[in-house]
Number of protein chains: 2
Amino acid sequence: MKAEALKGHLDLLLLAVVEDGPRHGYALMEELRIRTADALDLPEGTIYPALHRLERAGLLASKWTEVGGRRRRVYELTSHGKGTVEEKRRDWQAFALAVQGVLGPKVEPWPNPA
Amino acid sequence: MKAEALKGHLDLLLLAVVEDGPRHGYALMEELRIRTADALDLPEGTIYPALHRLERAGLLASKWTEVGGRRRRVYELTSHGKGTVEEKRRDWQAFALAVQGVLGPKVEPWPNPA
DNA sequence: CTTCATACCTAGCTACCCTATGCCTCGCAA
DNA sequence: TTGCGAGGCATAGGGTAGCTAGGTATGAAG
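In this report, we go over the structure that sits alongside the text. Since the model is a prediction, treat every value here as computed from it, not as a measurement. (Residues numbered from 1 in each chain as written. Chains lettered and ligands numbered in written order. Predicted model: local features only at pLDDT ≥ 70, side-chain atom pairs only at ≥ 80, totals over all residues. Heavy atoms only, no water.)

**As for the protein's contact with DNA strand C**
Around DNA strand C, the structure places 27 residues, and the nearest of them are A:Tyr26, A:Glu44, A:Arg72, A:Arg73 and B:Thr46. Residue A:Tyr48 places a side-chain N or O atom 3.0 Å away from a phosphate oxygen belonging to DNA strand C. At 3.0 Å from a phosphate oxygen of DNA strand C is found a side-chain nitrogen or oxygen belonging to A:His52. Looking at the surface near DNA strand C, the elements that each hand over two or more residues are α2 (25-35), α3 (44-56) and β3 (70-77) of chain A together with α3 (44-56) of chain B. Sorting elements by how many residues they give to the surface near DNA strand C places α3(A) first, with 5 residues. (Near = heavy atom within 4 Å. Polar contact = N/O pair within 3.5 Å; in protein donor to acceptor, adjacent residues only side chain to side chain. Helix = DSSP H or I, 4+ residues; strand = E, 2+ residues; numbered from the N terminus.)

Encoded structure:
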C-alpha cells in the first residue's frame, strides 16, 4: 500500500473507529490494523499527529487516563466530530464511486452484503 | 471533494483512461470530469505535471500531433504502463476494501452490477 | 538485566495536488 | 477588427499531510 494512497482519508478512518467508542492512540493503531487484516498498518508517526490535528480541529476531545501504571490519552468524538464523520463518509462514498466509475466495468466491485 | 482525497490515486485514474486508447491531456481532463459526473473536475495544473511524471516514469509515451492548427501531446500506455495499471487497480481495490471495512456495515456499498 | 510490547511525542523530509500565471491558436460575436 | 471564450500546453511556488527516525517511559517476560 503506497503511502500517498491514505492522504485525505485518514481522518475519516480514525473518526469512524472512535465513533464506536472512546479509544486511545495505540488502540486505534491496532484496531485499524486488525479491522483491515494488515492492509493498513500505520506507524505511530502517522497516528499521533493526526489525532492532535483532529483535536485541534475540534472533532475529537481527549483526556488522560492511567491504566496499570501506563498513561493513555483517550479520545472521543465531539458533537462537531459526529457531524463531520457523517459528512466524510459521504465524501468517501462519492470519491470511491467516482474512481470506480473511471476504472470501468473491468474490475469486480466488492461483494454486496445486502 | 477535498483536494487531498485524490493523492496517490491520480496516476491510476489517468492510466485507466489512457488504457482505453491514446488521449491528450486536455481530453483526459474532460473525460475524467464527464466519467465522474463532475465529481472529479481537475485543474490543468494537476493533470499536466502528472502526465509528465508518468512519462518520466516510463508508464506513458507521448508524441506531438497537430489538429486544426492546434498542437496536442498525445499519450499512450507503454508496455510497462500496462502492467502498472493492473497493479494499481489491485492496490485501489485493496485500499477501498480496507476503508470500507473500517467504515463498517453502516454504509451502503455501491450497487453491484453483477 | 535485557528485551519486547505498550504508550506517547515531534522535527524534518518528501510527495504531490493546486493556485496562479503565462503562452499560443481558433471561432465567433460585437 | 477587436475582443473573448474554448481549446491546448507548461511550470514555479505553496500548502498539506503522511512517514522516517529519533526520543521518553512503564511493565512483563526471558
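**A word on the protein's contact with DNA strand D**
What surrounds DNA strand D is a group of 26 residues, the closest being A:Thr46, A:Arg53, B:Glu44, B:Arg72 and B:Arg73. Contacts to DNA strand D include A:Arg70, whose side-chain N or O atom sits 3.1 Å from a base oxygen. In this structure, a phosphate oxygen belonging to DNA strand D sits 2.9 Å away from a side-chain N or O atom of B:His52. Counting only elements with at least two residues in the surface near DNA strand D, the list comes to α3 of chain A together with α2 (25-35), α3 and β3 (70-77) of chain B. Here the residues of the surface near DNA strand D sort into 7 nonpolar, 9 polar and 10 charged. (Nonpolar A, V, L, I, M, F, W, Y, C, P; charged D, E, K, R; others polar.)

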